[in-house]
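# Structure assessment
Residue-level listing of the chains:
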Amino acid sequence: MRVRPSSDFWKVGIVPAPAEALLDAETLTDCASRITWLPDPGPWRYLADPFGIKQGDALHVFVEAYDYRTKHGFIERHEFGPNMEWRGKTIALAKPFHLSYPFLLEQNGDVLMVPESHKAGEIALYRAHAFPDRWIREVVLLADIPAAEACLIQHQGSWWMFYTIVGAGARDQRELHIAFSERLTGPWKVHPSNPVLDDRAGARPGGTPFVGVDDKIILPVQDCSVSYGGSIRFLQFDELNATHVACEHLPHRLTGNLAEADYADGLHTFSTCGDVTLIDVKRISRSFSRHIVNLKRRSGLVRVRSFGQ
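Per-chain numbering applies: the sequence of each chain, read as written, is numbered from 1 onward. Per-residue local features are limited, in this predicted model, to residues with pLDDT of at least 70; the limit for side-chain atom pairs, both in listing and counting, is 80 or more; totals at the level of whole chains, interfaces and linings are taken over all residues. Processing note: side-chain calculations cover all non-hydrogen atoms of the structure and skip hydrogens and water entirely.

### Some thoughts on helix α2 (residues 289-298)
Exposure is judged per residue with a 1.4 Å probe applied to protein chains only, and the accessible area is read against the type maximum: over 50% gives exposed, under 20% gives buried, and values in between give partly exposed. The helix count covers DSSP runs of H or I at least four residues long, the strand count covers runs of E at least two residues long, and both are numbered beginning at the N terminus. Those residues of α2 lying buried are Arg290, Val293, Asn294 and Arg297. Buried residues of α2, seen end-on, are gathered within an arc of 95° and therefore sit on one face of the element. When checking whether two residues touch, look at their non-hydrogen atoms; a contact exists if any pair is within 4.5 Å. The elements touched by buried residues of α2 are β1 (6-15). Phi for Gly300, located one or two positions after α2, is positive at around 85°. In this description, the arc belongs to the directions extending from the helix axis to the C-beta atoms.

### So, the sheet that holds strand β7 (residues 100-107)
The strand order across the open sheet formed by four strands is β7-β8-β9-β10, and the pairing between neighbours is antiparallel. The two strands at the open ends of the sheet, each matched to only one other strand, are β7 and β10 (134-143). Going across the sheet, the axis of each strand differs from the next one's by a mean of 25°, ignoring polarity. In terms of strand pairing, strand β9 (residues 122-130) meets β10 through eight bridges, oriented antiparallel. Strands pair, by our definition, only if DSSP identifies at least two bridges between them. All axes are obtained by fitting lines to C-alpha atoms, using only the stretch in contact for helices, and the reported angles, taken between N-to-C directions, cover 0 to 180 degrees.

### Description of the sheet that holds strand β4 (residues 58-67)
One open sheet accounts for four strands, arranged β3-β4-β5-β6; its pairing is antiparallel. At either end of the open sheet lies a strand with only one pairing partner, and these are β3 (45-55) and β6 (86-93). Each strand axis lies, on average, 25° off the axis of its neighbour in the sheet, ignoring direction. Two strands pair when backbone bridges link them, and β4 and strand β5 (residues 72-80) are joined in this way by nine bridges, in the antiparallel orientation. Counterpart to Val63 in the pairing with β5 is Glu76.

### A short note on the packing of aromatic side chains
In this analysis, rings of Phe, Tyr and Trp, with Trp reduced to its six-membered ring, are considered paired at centre separations within 6.5 Å, and the interplanar angle assigns stacked below 30 degrees, edge-to-face beyond 60, and tilted for intermediate values. Tallied over the full model, the rule gives 15 aromatic pairs. Ring geometry for Phe62 versus Trp135: centroids 5.8 Å apart, planes at 90°, classification edge-to-face. Of the two residues, Phe62 is situated in strand β4 and Trp135 in strand β10; the sequence distance between them amounts to 73 residues. A single burial state applies to Phe62 and to Trp135, both of which are buried. Ring pairing ties together the aromatic residues Phe9, Trp44, Tyr46, Tyr66 and Tyr68, which thus form one cluster. Lying across the ring of Trp37, Lys11 places its NZ or CZ 4.7 Å from the centre. Ring-over charges, as used throughout, are those where CZ of Arg or NZ of Lys falls within 6 Å of the ring centre and within 35 degrees of the ring normal.

### Some details on the pattern of salt bridges
Two side chains bearing opposite charge may form a pair once their charged atoms approach each other closely. For salt bridges, the criterion is a side-chain nitrogen of Lys or Arg within 4 Å of an Asp or Glu carboxyl oxygen. Going through the model one piece at a time under the given rule, you end up with 19 salt bridges. What you see here is one network of salt bridges that share partners, running through Asp57, Arg77, Glu79, Arg87 and Asp133.

### What to know about the side chain of Thr277
Tracing the backbone shows Thr277 in strand β22 (residues 276-286). A polar contact of 2.7 Å, which involves the side chain of Thr277, links it to the backbone oxygen of Ala17. Engagement of the side chain of Thr277 in a polar contact is seen with the backbone nitrogen of Ala19, the distance being 3.1 Å. In this structure Thr277 touches Gly13, Ile14, Val15, Ala17, Pro18, Ala19, Leu22, Phe270 and Ser271, once residues within four positions along its chain are discounted. Any N or O atom pair separated by 3.5 Å or less is treated as a polar contact, with the protein-specific requirement of one donor-capable and one acceptor-capable atom, and with residues adjacent in sequence counted only for side-chain atom pairs.

In structure tokens form, the structure reads like this:
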């Protein structure tokens, strides 16, 4: 009997509540009817890994745009007005290699991005030279490393980077690594205790780190114990310095069904953006049609789009 292959399809939503409020799962349920969802990208495509920034009266949401027909991802930008009306989309950043997880931050009036580019073997910092759609690769933060889901925060005079490593045994779904620096542009040092956590139920980063009420860093992490990106948990760092790390999971957990009943199979990004929070939710599709998509790609009937920017 032929097996129906599974395909993950993600959907991005803008939740009208700040991140701190959503630590209570009931708040996400209460907000479900008021979530603004990004437009459907079409067959065999999905949008995931949302990060946002507000400029003027616009909310810019940067996402991974992925197509199963090419198995290639790039960074797409969606713009929303003050009443959450969708204004359109553009390609923000694309490369010959796969891009995803467009982590955003602001510093001294500049907008910066650290997209996942593990197939290029680096964690690189891009600067917006003409926001929102002209990005220049400025500096490599960590080289010769297949890192994924890098996210950064400045806290108590130091910069901290959380990431995972892509490798055999699904290590990217269970390992948390840390690097630190005095300056955003480096030099960065990897923590001597790496991996600081090995736990498939909550180690892979999944969004924007933030500081809790007790001045401790809280990192959204993914529970991949049942399936990739099954839910979001929160990891609190009780001790974080150049030699020691102590962390614990908070009791909160966010699942896809809290936001969208038809996308109950996962929730793996939780990113802060002022008074709104960006999430993505997952449904798993099982269809023989995926065999046809794979066959066309392998036989060259689908041309892989080549980007240079």
